[in-house]
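Chain by chain, the residues run as shown.
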Amino acid sequence: HGNSISGTLPETDKWCPQLKEIYLYNNDISGTVPKQLTDLNLHYCKLGGTNHFACPLPVDLPDICILDSDYPTECNYPPPQPPPPPSPPPSPPMPSP
C-alpha cells in the first residue's frame, strides 16, 4: 500500500485463484475494478484510499473489498463514454438556377 503504483488493474482470467489477500490501497490506480476479483475467495482486501476507480464497482465485489472504515473502496469517476457517432457527410451543393 502507498507505493505510488499507477495504471489500471488487468481484466484477465489469469488472477491467481489461490490469492487470499490484496493490499492496493492509497496508490494511484485508475480504471475499472476487474469483475474477475469477484471470483476470488479473498480473506483480506483493501483497494480504497487514494485510488481513482471508475464507476460502477462490480456488483458482486465482496464487502471485504468495499467496507473498510479507514480506506473504503469508492468509485470516483464515471465510466468512459463511447465515442460519438460519426457526423453525416456534407450535403452536395445545390444546382444553380
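Quantities reported herein were computed from a predicted structural model and do not represent experimental measurements. (Residues numbered from 1 in each chain as written. Predicted model: local features only at pLDDT ≥ 70, side-chain atom pairs only at ≥ 80, totals over all residues. Heavy atoms only, no water.)

It is worth spelling out the overall build of the protein chain at this point. A tally of helices and strands in the protein chain yields 1 helix and 6 strands. Its helices and strands in sequence order give the protein chain the pattern β-β-β-β-β-α-β, from N to C terminus. Buried positions account for 27% of the 97 residues belonging to the protein chain. A separation threshold of at least 6 residues defines the contact pool for the protein chain, and within that pool the share at least 24 residues apart is 32%. Working note: accessible area of the protein chain is about 6800 Å², and carbon and sulfur atoms make up 59% of it. (Helix = DSSP H or I, 4+ residues; strand = E, 2+ residues; numbered from the N terminus. Buried < 20%, exposed > 50% of the residue type's maximum accessible area, 1.4 Å probe, protein only. Contact = heavy atoms within 4.5 Å. Areas by Shrake-Rupley, 256 points an atom, 1.4 Å probe, with all protein chains shown as cover.)

Summed over the entire model, instances satisfying the criterion amount to 1 disulfide. Between the sulfur atoms of Cys45 and its disulfide mate Cys65 the distance is 2.1 Å. In this structure, the disulfide formed by Cys45 and Cys65 twists by about 110° around the S-S bond and is classed as right-handed. Note that Cys45 is positioned in strand E4 (residues 44-46) and Cys65 in helix H1 (residues 63-66), a separation of 20 residues in sequence. A relative accessible area of 1% places Cys65 in the buried class. (Disulfide = S-S within 2.5 Å.)

What follows deals with a nonpolar patch on the surface. A cluster of nonpolar side chains, Tyr23, Tyr44 and Ile64, forms an exposed patch at the surface whose accessible area comes to about 250 Å². Judged by relative accessible area, Ile64 falls into the partly exposed class, the value being 32%. (Patch = residues over 30% accessible without salt bridge, like charges linked within 9 Å, V, L, I, M, F, W, Y side chains within 5 Å. Salt bridge = Lys/Arg side-chain N within 4 Å of Asp/Glu carboxyl O.)

This brings us to the environment of Glu21. With respect to the helices, strands and loops of the structure, Glu21 is situated in strand E2 (residues 21-23). With relative accessibility at 43%, the residue Glu21 sits in the partly exposed group. When the C-alpha atoms of Glu21 and Asn41 are compared, they prove to be 9.0 Å apart, with 20 residues separating the residues in sequence. Not counting chain neighbours up to four residues away, the residues in contact with Glu21 comprise Leu42 and Tyr44.

This part takes up the side chain of Asn27. Its location among the elements puts Asn27 in the loop between E2 and strand E3 (28-31). Within the local environment of Asn27, its side chain forms a polar contact with the backbone nitrogen of Asn3, the two atoms lying 2.8 Å apart. A distance of 3.0 Å separates a polar side-chain atom of Asn27 from the backbone nitrogen of Ile5. (Polar contact = N/O pair within 3.5 Å; in protein donor to acceptor, adjacent residues only side chain to side chain.)

Quick look at the sheet that holds strand E6 (residues 75-77) now. Strand order in the open sheet formed by 4 strands is E1-E3-E5-E6, and the pairing between neighbours is parallel. The open sheet has two edge strands with one neighbour each: strand E1 (6-8) and E6. The mean inter-strand angle of the sheet, taken between neighbouring strand axes irrespective of direction, is 40°. Pairing of E3 with strand E5 (residues 52-54) involves 2 bridges; the strand directions are parallel. If you follow Gly31 over to E5, its bridge partner there is Phe53. (Pairing = 2+ DSSP bridges. Axes fitted to C-alpha atoms, helices over the stretch in contact; angles between N-to-C directions.)

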